[in-house]
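Coordinate inspection notes
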Amino acid sequence: MAMELMSRGWQRTLLAACLAMGVALLGGCKGGPEGDAQAKEPGADKAEEAVPVEVVKAARRSIAASYTGTAPLEARAESQVVAKTSGVALAVLVEEGQHVRAGQTLVRLDPDRARLQAAQSAAQLRKLEANYRRSQALVAQQLISANDMDQLKYDLENARAVNNLANLELSYSNVVAPISGVIASRSIKTGNFVQINTPILRIIDDSRLEATLNVPEREFATLKAGQPVLMQVDALPGKPFRGTVDRVSPVVDSGSGTFRVICAFEGAGTLQPGMFGRIRIDYDQRADALVIPRLALLDDQGDPAVYVVRNGKAARTPIKVGYTDGEWTEVRGGLQPGDAVVTAGKVALRDGSGVQVIGEPAKTAVAKAQAKGEKQ
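Please read all numbers here as calculations on a predicted model, not as lab measurements.

Another point: the packing of aromatic side chains. Considering all chains together, one arrives at 1 aromatic pair under this definition. Aromatic side chains Phe220 and Phe259 sit 5.0 Å apart centroid to centroid with 75° between the ring planes, which places their arrangement in the edge-to-face category. Taken as a pair, Phe220 in the loop between strand 9 (199-216) and strand 10 (228-233) and Phe259 in strand 12 (residues 258-266) lie far apart in primary sequence, 39 residues in all. The partly exposed category is assigned to Phe220, whose relative accessible area is 31%. Judged by relative accessible area, Phe259 falls into the buried class, the value being 1%.

Reading across the sheet, the 4 strands line up as 6-5-3-8 and stay open at both edges, with antiparallel pairing between neighbours. At either margin of the open sheet sits one strand with a lone partner, and together these are strand 6 (174-176) and strand 8 (193-194). Bridging between strand 3 (residues 87-92) and strand 8 involves 2 bridges; their strand directions are antiparallel. Each residue of the ladder has a partner; that of Gly87, found in strand 8, is Val194.

Note: most peptide bonds trans; most residues except glycine with negative phi. If you check the backbone angles, Asn197 has positive phi at about 65° while not being a glycine. For Asn197, the position within the fold is in the loop between strand 8 and strand 9. On the basis of relative accessibility, which here comes to 53%, the residue Asn197 falls in the exposed class. Although it is not a glycine, Asn311 adopts a positive phi angle of roughly 55°. Structurally, Asn311 can be placed in the loop between strand 14 (305-310) and strand 15 (313-318).

On to a nonpolar patch on the surface, then. Together, Val88, Leu90 and Phe193 make up a nonpolar patch on the protein surface, roughly 280 Å² of accessible area in all. Checked against the element boundaries, Val88 lands in strand 3.

Inspection of the entire model under this criterion finds 16 salt bridges. Among the ionic pairs, Glu95 bridges to Arg186, the shortest N-O distance being 3.2 Å. A residue pair is termed long-range when its members are at least 10 positions apart, and Glu95 in the loop between strand 3 and strand 4 (99-100) and Arg186 in strand 7 (residues 181-186) qualify at 91 residues. The class for Glu95 is partly exposed, based on a relative accessible area of 45%. The partner of Glu219 in a salt bridge is Arg218, and the shortest N-O contact between them spans 3.9 Å. For Arg218, a relative accessible area of 66% corresponds to the exposed category. Through salt bridges with shared partners, a single network forms among Arg76, Arg208, Glu210, Asp246, Arg247 and Glu266.

Our focus in this paragraph is the confidence of the model for the chain. Summary statistics for the chain give a mean pLDDT of 81 and a share of 82% for residues scoring 70 or more. Scored below 50 in pLDDT, residues 1-47 shows 5 contacts in the model against residues more than four places distant or in partner chains. Note on residues 364-376: pLDDT under 50 across the span, and 5 contacts to partners over four residues away in sequence or across chains.

Attention shifts here to the side chain of Asp339. Summarising the element assignment, Asp339 is placed in the loop between strand 17 (328-333) and strand 18 (340-344). For the buried residue Asp339, which engages in no salt bridge, the nearest side chain bearing the opposite charge is Arg310, 4.1 Å off. Here the side chain of Asp339 touches Gln336 through a polar contact of 2.8 Å, landing on its backbone nitrogen. Ignoring anything within four residues of it in the chain, the contact list for Asp339 reads Val56, Lys57, Ala58, Val308 and Arg310.

This part takes up the nonpolar core. One recurring pattern in soluble globular proteins: nonpolar side chains tend to sit buried together. Core analysis: the largest hydrophobic core is formed by 21 residues, its most contacted members being Leu73, Leu213, Val261, Leu271, Ile279 and Ile281. Looking at this core, the elements with two or more residues in it are strand 2 (59-82), strand 9, strand 10, strand 11 (240-248), strand 12 and strand 13 (276-293). Apart from the residues within four sequence positions on either side, Ile279 is in contact with Tyr67, Thr68, Gly69, Ala71, Ala211, Leu213, Val229, Leu230, Met231 and Cys263. Core analysis: the second largest hydrophobic core is formed by 17 residues, Val100, Val107, Val175 and Ile183 among them.

This next bit is on the environment of Ala102. Relative to the assigned elements, Ala102 resides in the loop between strand 4 and strand 5 (105-109). A relative accessible area of 46% means that Ala102 is categorised as partly exposed. Residues Ala102 and Gly181, 79 residues apart in the sequence, show an inter-C-alpha distance of 8.0 Å.

If you check helix 4 (residues 146-171), its first and last C-alpha atoms are 38 Å apart, about what 26 residues at 1.5 Å a residue would give, namely 38 Å. For helix 4, every residue scored as buried is listed here: Met149, Leu152, Leu156, Ala159, Asn163 and Ala166.

Conventions we followed
Residues numbered from 1 in each chain as written. Predicted model: local features only at pLDDT ≥ 70, side-chain atom pairs only at ≥ 80, totals over all residues. Heavy atoms only, no water. Phe/Tyr/Trp six-rings, centres within 6.5 Å; stacked < 30°, edge-to-face > 60°. Helix = DSSP H or I, 4+ residues; strand = E, 2+ residues; numbered from the N terminus. Buried < 20%, exposed > 50% of the residue type's maximum accessible area, 1.4 Å probe, protein only. Pairing = 2+ DSSP bridges. Patch = residues over 30% accessible without salt bridge, like charges linked within 9 Å, V, L, I, M, F, W, Y side chains within 5 Å. Areas by Shrake-Rupley, 256 points an atom, 1.4 Å probe, with all protein chains shown as cover. Salt bridge = Lys/Arg side-chain N within 4 Å of Asp/Glu carboxyl O. pLDDT = per-residue confidence, 0-100. Contact = heavy atoms within 4.5 Å. Lys, Arg positive; Asp, Glu negative; His and termini not counted. Polar contact = N/O pair within 3.5 Å; in protein donor to acceptor, adjacent residues only side chain to side chain. Core = buried A, V, L, I, M, F, W, Y, C linked by side-chain atoms within 4.5 Å. Expected span 1.5 Å × (residues − 1).

Structure representation (structure tokens):
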């Protein structure tokens, strides 16, 4: 009897344990979603992390369309001064860097030989002139034939030409400047013997300097004579120089696909031939264009687009672009004045990403503070 009672007691205990386990399992199954919700509830309070960005608002300003290139400066006129006769240099009257005018005597050569030849030819000329005058009187008396008279006339003309040539050779003993300008180099000293046709000086006209650009043919319709030019030279950083397009070649080189554009600048001052210039030619101007920084454009190889910040989110916005002037790009469509475009932090953004504009209060932190105050 006692054994039967003990057996029934164990059965009741085992049944109670099984029921408890079943209730626990059932409660666990029902409480799964609630448990997940409770597990996620702390994370739900945590706001999505915002990407810090810098923005610039689209605004209106003037913008210019331009072509840029590089070229060395050259003197518009340059001359190699040569000796037109031989002789010893008795005096060199100029130094390098000295300004001279056209026709000014630069070097005096020994003129003795040329002077003697001019005197000899002059004496011969006077003799023939006297003979010709006497012959004219004899012709009137029919004492000399017409043939002899013609011969005297031809001899006189020849003697006059010889004398003119001798005087010309004498004038060559004074070497004069063919153009006005500055002495760029001198390769002669006093006492040197100078051979005929030997370059002895170089003169450059630095009053007007030119820079020649080889421009691609796609710009042929945009660049015209008279357009303004802005230039900076490496030798004088930070100092701009203004000029104009002086002339444009009317033909395109078939080999290179370029045409020549010659820009002119006033010289005789800071600018010097040989300086390397960085040139910009403005061929169109828009006084009231909507612009954004060029840095705002996305580098995704697609159509032009930017990220615009709206309600704390980054919205990828396609745009139509116009001229680019330095660091600014013209917007022809897709944006309105005042739209904030992202200039820094674009790499971490996607369409719809939350953003925190640097320099503005964090909206998520403010929202959390407000929510905390409501709970209290």
